Amino acid sequence: MNAVEFHQFTKRNGEFVLGRLDFQIYNGYITGLIGPNGSGKTTLIRSIMNLVLPDSGEVRVFGQSYRDKEREIKRQIGFVYDEDFFYNHLTVLEMKKIVSSFYPTWNESVFQRYLHDFQLPGRRKIRDLSKGMKTKFALAAALAHEPDLLIMDEPTSGLDPVFRREVLSILSGYIQEGHRSVLFSTHISADLERIADYIVYVRNGQLKFSGSKEELIDSYLLVKGPLECLQTNRFRDKVIGLQQNALGFEGLIAKEGLSEDDIGSRVTAEKPSLDDILVFTREVR
Amino acid sequence: MIQLLMKDIRIQKRFIALGFVFVGFFFFILGAFEGMPLSVPAAIFGHFLIVVASKADEKNNNGRMLASFPLRRTDIVTAKYAGIAMFMAIAFALTSLWRWLAGIFLPARELPWFSAQSIVVTLLILLVFYAIYFPVFFAAGSRLVQVLDLIVIFVVGGAALLVIRLLEWTNIGVGSFIRSLPEADGLPLSLWMLGGGLVLLLLSWCLSVYVYRSKNL
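Residues numbered from 1 in each chain as written. Chains lettered and ligands numbered in written order. Predicted model: local features only at pLDDT ≥ 70, side-chain atom pairs only at ≥ 80, totals over all residues. Heavy atoms only, no water.

*Asks:* Describe the overall build of chain A, with residues and values.
*Replies:* Tallying secondary structure elements over chain A gives 11 helices and 14 strands in all. In terms of its C-alpha atoms, chain A occupies a principal-axis envelope of roughly 65 × 40 × 35 Å. In chain A, which comprises 285 residues, the share counted as buried stands at 54%. Within chain A, contacts between residues at least 6 apart in sequence are counted, and of these 69% link residues at least 24 apart. Summed over all atoms, the accessible surface of chain A reaches about 12900 Å², with 44% contributed by carbon and sulfur. Computing the positive centroid from 37 side-chain charges and the negative centroid from 39, chain A places the two 5 Å apart. (Helix = DSSP H or I, 4+ residues; strand = E, 2+ residues; numbered from the N terminus. Buried < 20%, exposed > 50% of the residue type's maximum accessible area, 1.4 Å probe, protein only. Contact = heavy atoms within 4.5 Å. Areas by Shrake-Rupley, 256 points an atom, 1.4 Å probe, with all protein chains shown as cover. Lys, Arg positive; Asp, Glu negative; His and termini not counted. Charge placed at Lys NZ, Arg CZ, Asp CG, Glu CD.)

*Asks:* Give a description of the domain arrangement of chain A that names residues and reports values.
*Replies:* For interface size, the figure often reported is the accessible area lost on association. Residue and element names in this part refer to chain A. In terms of domain boundaries, chain A breaks down into domain 1 (4–216) and domain 2 (218–281). Between domain 1 and domain 2, the C-alpha centre-to-centre distance is 35 Å. Contact with domain 1, which involves 11 residues of that partner, is made by 9 residues of domain 2. Interface area, domain 1 with domain 2, both sides summed: about 900 Å², of which 57% is carbon and sulfur. Looking at the side of domain 1 facing domain 2, the largest losses of area belong to Ser-189, Tyr-201 and Leu-216, adding up to 48% of the total buried there. At the junction of domain 1 with domain 2, the criterion picks out 0 salt bridges. (Domains from an automatic or database assignment. Buried area = accessible area lost by both parts, 1.4 Å probe. Salt bridge = Lys/Arg side-chain N within 4 Å of Asp/Glu carboxyl O.)

*Asks:* Report on the interface of chain B and chain A, specifying residues and quantitative values.
*Replies:* At the interface, 28 residues of chain B touch 30 residues of chain A. Together chain B and chain A conceal approximately 2700 Å² of surface at their shared face, both sides included; 55% is due to carbon and sulfur atoms. The interface formed by chain B and chain A includes 3 salt bridges. Here Glu-94 of chain A and Arg-14 of chain B are joined by a salt bridge, their closest N and O atoms 3.7 Å apart.

*Asks:* Hey, could you go over the UniProt feature "domain: ABC transporter" (unreviewed entry) in chain A for me, with residue numbers and the actual values?
*Replies:* In the numbering adopted here, UniProt assigns the feature "domain: ABC transporter" (unreviewed entry) to residues 1–229 of chain A. Across residues 1–229 of chain A one finds 34% helix and 29% strand; the C-alpha atoms that close the span lie 49 Å apart. (UniProt positions renumbered as here; feature names shortened; annotations may be inferred.)

*Asks:* Account for the packing of helix H5 (residues 116–140) of chain B against helix H6 (residues 148–169) of chain B, with residues named and values stated.
*Replies:* Residues and elements named next belong to chain B. Where H5 contacts H6, the two axes come as close as 10 Å, and the packing angle between them is 130°. Taken together, H5 and H6 sit at an angle that is classed as oblique. The hand of the H5/H6 crossing is right-handed. Side by side, H5 and H6 meet where Phe-129, Ile-132, Tyr-133, Val-136 and Phe-137 of the first sit next to Leu-148, Asp-149, Val-152, Ile-153 and Val-156 of the second. (Axes fitted to C-alpha atoms, helices over the stretch in contact; angles between N-to-C directions. Parallel < 35°, antiparallel > 145°, perpendicular 65-115°, else oblique. Left-handed = near helix turned anticlockwise from the far one by under 90°.)

*Asks:* Describe the sheet that holds strand S9 (residues 198–203) of chain A, with residues and values.
*Replies:* All names here are of chain A. Here 6 strands make up an open sheet; going across it, the order is S6-S7-S8-S3-S9-S10 and the pairing mixed. Only two strands of the sheet have a single partner each, and these edge strands are strand S6 (77–80) and strand S10 (206–212). Direction aside, the axes of adjacent strands within the sheet are offset by 15° on average. In this structure, S6 lies alongside strand S7 (residues 149–153), joined through 4 bridges in parallel fashion. Each bridged residue has a counterpart across the sheet, and for Gly-78 the counterpart in S7 is Leu-150. Sitting on the sheet, helix H1 (residues 41–48) touches strand S3 (30–34), S7, strand S8 (181–185) and S9, and the angle it makes with S7 is about 150°. The sheet contacts of helix H6 (residues 161–174) involve S3, S7 and S8, and relative to S8 the element is tilted by about 150°. (Pairing = 2+ DSSP bridges.)

*Asks:* Tell me what's going on with the side chain of Ser-47 of chain A, and back it up with residues and numbers.
*Replies:* Following the sequence through the fold, Ser-47 of chain A ends up in helix H1. If near-sequence neighbours (up to four positions away) are discounted, Ser-47 of chain A is found in contact with Phe-6, Phe-9, Val-52, Val-59 and Tyr-66 of chain A.

*Asks:* Quick one: what's the story with the nonpolar core, residue by residue and with numbers?
*Replies:* Residues Met-95 of chain A together with Tyr-130 of chain B are the most contacted members of the largest nonpolar core, which totals 138 residues. For this core, the leading source of residues is helix H4 (residues 73–105) of chain B, giving 14 residues. If you count residues domain by domain, this core takes at least three from each of domain 1 (4–216) and domain 2 (218–281) of chain A. Apart from residues no more than four positions distant in its own chain, Met-95 of chain A is found in contact with Phe-86, Tyr-87, Leu-90, Ile-126 and Phe-137 of chain A together with Met-65 of chain B. If you look at the next biggest cluster of nonpolar residues, it comprises 10 residues, including Cys-229, Leu-230, Val-239 and Ile-253 of chain A. (Core = buried A, V, L, I, M, F, W, Y, C linked by side-chain atoms within 4.5 Å.)

Here is the structure:
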């Protein structure tokens, strides 16, 4: 069973359309959600939480529909959003009491362990916590009810590298049991390269890719070379997101249907990073 | 839904204490609103708690957090309406406690009094207020919440005054009828008024559920 399935999901918001999405988030893996600002990542995450309602189509979580199983579905989800959403005038422990009351599966010892590991001061007010501390608390609260699906919207943005690494390590450990899944959106593709198994790539409200990270990276080559190589139209037309300067050119090229003759000996071709793919494909319609 | 009501009490602990002190200080120690029935300070106290609880849920994306918990949106709306009864009960209980405490030092005739009629009129005013307030609250959310109570008070108060004036100009003695309401005798009228208020609140709940269930958060 998949953790999340989008079936012909469409959501319109003014001019912006998140359109006809058909993909799934696999159970037991970490899936990274990538795309430029305004591409629809947050809307997509909110639609999984049933905060954004589809104009047509459906989102199913653990094979169930929000129409008749809303409470059951949400009990299995932990969430961390990229914004303040706690009651700021309460202390960490007061807020914990509120969150824990909604989850029958709340594990106090797990929460206390994270509180200790993250060095969170229980008596400090939420408003007095730094952004990193708030994220730590949100993560502790999300994990303490032992959800099967953890959803995080930009959890590592604004965090220092040490804690970012710590979060990634927690996520890796969290899915070890095999039936748990993580979906997180991020702008920091290095985080995804480190831990993501699958990638969902959205741009301008359209699904550009959904599959394994290796599949995405292996479908392109990063090509660089002198400007003369671009004089043959056959090659130039294949380069995606072509960037030129006095020293030469740089761009992506899709591997599918590519032969060695297409590249030529003066062009270097290497494996792209996720960042390269995001940057060079941003203009592609 | 019980968790939501408990949550409202938890986030309001300080405001409940503050309201309790406020009622004691202004109504019993300073003797403000002297000659008024006890339902007036209780209603002001209850209204303060209900509105602050609503504002707290919209101030900091908290509404999005609540909707992400294992709850249906109908539960969230219903809890807000149930909160009216809960906070009014707390306010009336704590105001009665002040009256009992003041009764130790003051003669009974100097204390604010309870009257069924005044309680009914006060509750009716509040029920009408919340019947309008909550659908707008669930529709507009954080955009209006900081000033929503003022908007409802001025719009509804203004509209009501306008209607009363228009009726009086057409020689319908609605003003004298309203003035006679607090002194009016008889349980049936009170119950009819309260019943009407509750029906209005039920319609308001249906509207709020419809609005909130179709809203993107």
